Structures are given as C-alpha cells and as structure tokens.
Amino acid sequence: MTESASTTSGTSATPDGGAPAVRVADLTKEFPGGVRALGGVSFDVPRGELTSIIGPSGCGKTTTLKIIAGLLDATSGQVEVDGVPVTEPGPDRAFVFQDFALLPWATVLRNAGFGLELRGVPRAEREKIARECVAKVGLAGSEDAYPHQLSGGMRQRVGLARALAVDADILLMDEPFASVDEQIRRKFQEDLLHLLKVEKKTVIFVTHSIEEAVYVSDQVVILTRGPSRVSKVVRPGVDRSGGSDAIRRSPAYLDWVEQIWAELQDYLEE
C-alpha cells in the first residue's frame, strides 16, 4: 500500500494533527469459555469523518463497535470519546443496528423519536424532531406506517432517523446495509454520504464489503483474524467529485479495493 496513505497497526494520528473524536487503545475482549475476540486493538477516529472497520468474519468488528458504544465491557484496554473514558452508553453516541431493532407496535414516527422519548423529551418536541429526521432519510409520508408495512430498506432508514433524532456527535453503524440488495445498497451509500455532508457527524461503520469501505470511507481500519489486532489503517482518498459509476470505475478506487483485498487474504480461513 502507499505509505503516505496508510499507517501500520497501533494508534494513528488524525490527518489535521488534532485530537481524535474517538481513541481505541489496546482493547482486548475475552468471552466466557476462554474465547478471545480482540487481542489488542488500537486506532484513532478523526472528527467529522467516516471510519470503516473491515476484517475476516468473526474477527471482532461488531464487538469493537459495541465496546465503543458502551454496550459491552472490554476485558482490558480503553475507549475514549473526546478524551473521556467510555464506561457506559452515552448521549454522544448513537447505534444503528444491522437488524433495525424497531418497535413492531410503534409507528415510523414513534420509532424515530423513541430515543428522545427515553430521554424524557416532551411529546410535541420529539415528534417535531422525529418528523424532520424521517424526512431527512427520505421517508416523508410514511410517518404513520408500522414496521411490518415497510421494506427492509425502509426499516433501515427508520433506524438511521432514530439515530439522527438524538443528535449524537458519533454514529456507530453495524453493517447497516447488509440486508438490502445491491441496487438499494448503492443508493443508501450515496444517501449516507450526502447526509454526512449536511450533518457533519463522526461515523464508525462496520462492513464486510471492501468495495463499500473504499467507497464511503475517509479511513479504513483493517483487522486481522481473531483474536484481532489492527493490521493497517488506510486512507483511500477516493475523489468523489464525479458520479457514482465513474468513481467505481476509477483506477484509484479499483486499486484500493485490490490492495485491501490483498491485505485481508493473509487472514482468511482456508
């Protein structure tokens, strides 16, 4: 890989030299029965950027994300958000689950505002915010629908609207587009990039797709096979000024896909 565009394992400096939004320092995680998922994972997440985590199946990508969220305790090591150690979930982080995690008995509007409801925000205020966020993710007009009436893609949009409604600085996204077909997935990628231009969030994004990681990310963290460590942290720097098809055909994009694939091949199960 191009040395100027990547770092080796360990904590990485942010591009502008400033303090990272999130610092992951030597995380280990051992589950009951002696299963060791993480073997010392360290990386920095620059503020206002999208960082993807990619690696072999079972390497601890989601485990890392849940520790950052405060949903899971590390065995050792530490996560800091704005320099403060993470010990539990907090309002500075919002989690977008792969399986949507919607309330089946609640409307789109109530699902989108559920995080605000848990925080005790008055109904009129939370419905106003939720309605705005539902519109932002392209679901205006579906506020009164229930999850069973929605497609998988629409349910995922509701999950994103709920994360946006709480106005957390950091969005944690666990394979958010894995359950939709390729055409919808590409549309979601475009929508996410457009949304982030407007919302200025810091995003940590778990994916199995190398193509997706290169396309949406400012930074890609590559994990080894478990118990995982960071193999490399790379910054593809893909020029997104052209259209989607042009970007995906560009030599720079294709080269980064191949380079990350080559890095991952060393860690794949035979």
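As the structure is a computational prediction, the values presented were derived from the model and not from experiment. (Residues numbered from 1 in each chain as written. Predicted model: local features only at pLDDT ≥ 70, side-chain atom pairs only at ≥ 80, totals over all residues. Heavy atoms only, no water.)

Asker: Help me get a handle on the pattern of salt bridges, residues and values and all.
Answerer: Taken as a whole, this structure holds 14 salt bridges when the rule is applied. Between K201 and D167 there is a salt bridge, with the nearest N and O atoms lying 2.8 Å from each other. Within this pair, whereas K201 is found in the loop between α6 (182-199) and β9 (202-206), its partner D167 is found in the loop between α5 (152-165) and β8 (170-174), the two being separated by 34 residues in sequence. Judged by relative accessible area, K201 falls into the buried class, the value being 5%. One salt-bridge network, in which partners are shared between bridges, spans R157, K187 and D191. (Salt bridge = Lys/Arg side-chain N within 4 Å of Asp/Glu carboxyl O. Helix = DSSP H or I, 4+ residues; strand = E, 2+ residues; numbered from the N terminus. Buried < 20%, exposed > 50% of the residue type's maximum accessible area, 1.4 Å probe, protein only.)

Asker: Quick rundown of helix α4 (residues 123-136)? Include the residues and the values.
Answerer: The terminal C-alpha atoms of α4 lie 20 Å apart, and with 14 residues this matches the ideal 20 Å at 1.5 Å per residue to within 8%. Every buried residue belonging to α4 is among R126, A130, C133 and V134, and all of these are buried. For α4, the angular spread of buried residues about the axis comes to 100 degrees, placing them on one side. More than 90 degrees from the buried face of α4, the exposed residues found are A124 and K128. Here the buried face of α4 lies against α2 (108-112), α3 (114-118) and α5. Positive backbone phi, at 85 degrees, marks G138, one or two positions downstream of α4. (Expected span 1.5 Å × (residues − 1). Arc of directions from axis to C-beta. Contact = heavy atoms within 4.5 Å.)

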